[in-house]
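# Report on the structure
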Amino acid sequence: MKECPCGSVFPYTDCCGPLVRGAVQADTAEDLMRSRYTAVALKNWDYLVQTTHPDERKGLENLVEDNAKIEWQRLEVLGSQNGGREDKAGEVTFVAYYEEDGEEKTLRETSKFLKEDGRWYYCGKRSQPKIAAAAGKPSSKPFVRSKAKVGRNDPCPCGSGKKYKKCCGK
């Protein structure tokens, strides 16, 4: 099984795959951000448009052209503020490493997310991204989930006894 590009320890089919395919919705702002990175790495532009808030979609028509020469390497989530299951808004700060025209670069951003009608949307960035040559060293503090991500066939964490996909994962 192929590891998910988002940097989790889970295979793509159990991590961001169901989100990118549209089988399930993101539970948190961070889940949406990770799945959006995965979509960029896999060049799935439709998913980026679908998960961008309608008020922010202007300018997305150049996604393919703007990313033609970019190869995404890895993602590091630095932290998040709010954006949980019960929140209506949140922010996720990350660094994405990529290569463009043979040069290693980084994109650092704090992305804003809104939850409307039970669905998370990307709503822009809090600060302009910083693009610079990568130092070539991984961060000394990689992101580690505190709990395992709930897979669609796992028991639902609410305690109903049903599979997650048939209960809270709808």
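Residues numbered from 1 in each chain as written. Predicted model: local features only at pLDDT ≥ 70, side-chain atom pairs only at ≥ 80, totals over all residues. Heavy atoms only, no water.

All right, on to the state of the cysteines then. Tallied over the entire structure, the rule returns 0 disulfides. Not part of a disulfide, Cys-6 finds its nearest cysteine sulfur in Cys-15, a span of 3.7 Å. Using a relative accessible area of 0% as the deciding quantity, one classes Cys-6 as buried. (Disulfide = S-S within 2.5 Å. Buried < 20%, exposed > 50% of the residue type's maximum accessible area, 1.4 Å probe, protein only.)

Inspection of every chain in the model, using the stated rule, returns 3 salt bridges. A salt bridge links Arg-85 to Asp-27, with the nearest nitrogen and oxygen atoms 3.6 Å apart. A residue pair is termed long-range when its members are at least 10 positions apart, and Arg-85 in the loop between strand 1 (70–82) and strand 2 (89–100) and Asp-27 in the loop between helix 1 (17–21) and helix 2 (29–41) qualify at 58 residues. Between Glu-30 and Arg-34 there is a salt bridge, with its nearest N and O atoms 3.0 Å apart. One end of the pair, Glu-30, and the other, Arg-34, are both in helix 2, 4 residues apart, so they sit about a helical turn from each other. Each of the two residues, Glu-30 as well as Arg-34, counts as buried. (Salt bridge = Lys/Arg side-chain N within 4 Å of Asp/Glu carboxyl O. Helix = DSSP H or I, 4+ residues; strand = E, 2+ residues; numbered from the N terminus.)

Glancing now at the confidence of the model for the protein chain. Residues at a pLDDT of 70 or more form 86% of the protein chain, whose mean pLDDT is 84. Across residues 128–140, where pLDDT falls below 50, the model places 25 contacts with residues more than four positions away in sequence or in other chains. (pLDDT = per-residue confidence, 0-100. Contact = heavy atoms within 4.5 Å.)

If you add up the space inside the largest pocket, you get close to 800 Å³. Forming the walls of the largest pocket are 29 residues, and the residues nearest its centre are Leu-63, Leu-107, Glu-109, Tyr-122 and Lys-125. Looking at the lining of the largest pocket residue by residue, the class counts come to 17 nonpolar, 5 polar and 7 charged. (1 Å grid on protein atoms, 1.4 Å probe; cavity = no way out; pocket = protein on both sides within 12 Å on 5 of 7 lines; lining within 4 Å. Points joined across faces, edges and corners; volume = space filled by probe spheres on them. Nonpolar A, V, L, I, M, F, W, Y, C, P; charged D, E, K, R; others polar.)

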